[in-house]
Amino acid sequence: MGEPVETAYIAVERAYGEGQFSAALEQATVLLPQLEAGRPDLLDLRLQLLIGHIHCYGLQQPAAAAAAYRLVLEQSSDAAYQALARQGLELCQSAASEPAVSAQEPDPQPAVQPELQEEE
């Protein structure tokens, strides 16, 4: 009976790996309530980490990613999952503190390339 959720999880991973981040998030959102918390195979935590990765790396949404990573930290006692969640959370916090390139003021004087002069 656990096979359909495992297959669904693999589909989420595949969509993420193929760069289909919106589809991966949609599939993950549908799958998450179907997973029992505290599963022995940790599939619920793996999915929560993957949701964090989708938001962080795929959709560039550090606040949403941080929330997913915090859930893993709260729900997991597994050292590897804790480390992955902390790493993701640190990345999200640094990404959120960096100003967006488009928000920066343009340089008033563009860099000028010196002309190369040919020697005679």
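Residues numbered from 1 in each chain as written. Predicted model: local features only at pLDDT ≥ 70, side-chain atom pairs only at ≥ 80, totals over all residues. Heavy atoms only, no water.

Draft legend 1. Region of the structure containing the overall build of the protein. For the protein, the helix and strand inventory stands at five helices and zero strands. If you list the helices and strands of the protein from N to C, you get α-α-α-α-α. Once local pairs closer than 6 in sequence are excluded, the contacts in the protein between residues at least 24 apart make up 48%. About 8,500 Å² of surface is accessible on the protein, with carbon and sulfur atoms providing 53% of the total. (Helix = DSSP H or I, 4+ residues; strand = E, 2+ residues; numbered from the N terminus. Contact = heavy atoms within 4.5 Å. Areas by Shrake-Rupley, 256 points an atom, 1.4 Å probe, with all protein chains shown as cover.)

Draft legend 2. Just the nonpolar core, in detail. Counting residues in hydrophobic clusters, the biggest one holds 15 residues, and the most contacted among them are Y9, V12, L31, L35, L47, I51 and I54. Only helix 1 (3-17), helix 2 (21-31) and helix 3 (43-58) provide two or more residues apiece to this core. A per-element tally of this core places helix 3 first, with five residues. If we ignore the near neighbours within four places in the chain, the residues touching L31 are V5, A8, Y9 and L47. Of all hydrophobic cores here, the second largest spans 11 residues; its members include C56, A65, A85 and C92. (Core = buried A, V, L, I, M, F, W, Y, C linked by side-chain atoms within 4.5 Å. Buried < 20%, exposed > 50% of the residue type's maximum accessible area, 1.4 Å probe, protein only.)

Draft legend 3. Just helix 4 (residues 62-75), in detail. Taking 1.5 Å as the rise per residue, helix 4 with 14 residues should run 20 Å; its terminal C-alpha atoms sit 20 Å apart, in good agreement. Listed in full, the buried residues belonging to helix 4 are A65, A66, A68, Y69 and V72. In an axial view of helix 4, the angular spread of the buried residues amounts to 165°, which keeps them on one side of the axis. Among the exposed residues of helix 4, those pointing more than 90 degrees away from its buried face are A63 and E74. (Expected span 1.5 Å × (residues − 1). Arc of directions from axis to C-beta.)

Draft legend 4. View of the state of the cysteines. Going through the model one piece at a time under the given rule, you end up with zero disulfides. Residue C92 stays outside any disulfide, its sulfur separated by 3.6 Å from that of C56, the closest cysteine. A relative accessible area of 2% places C92 in the buried class. (Disulfide = S-S within 2.5 Å.)

Draft legend 5. Up close: the environment of L32. Assignment of secondary structure puts L32 in the loop between helix 2 and helix 3. Excluding residues within four positions of it along the chain, L32 makes contact with L47, Q48 and I51.

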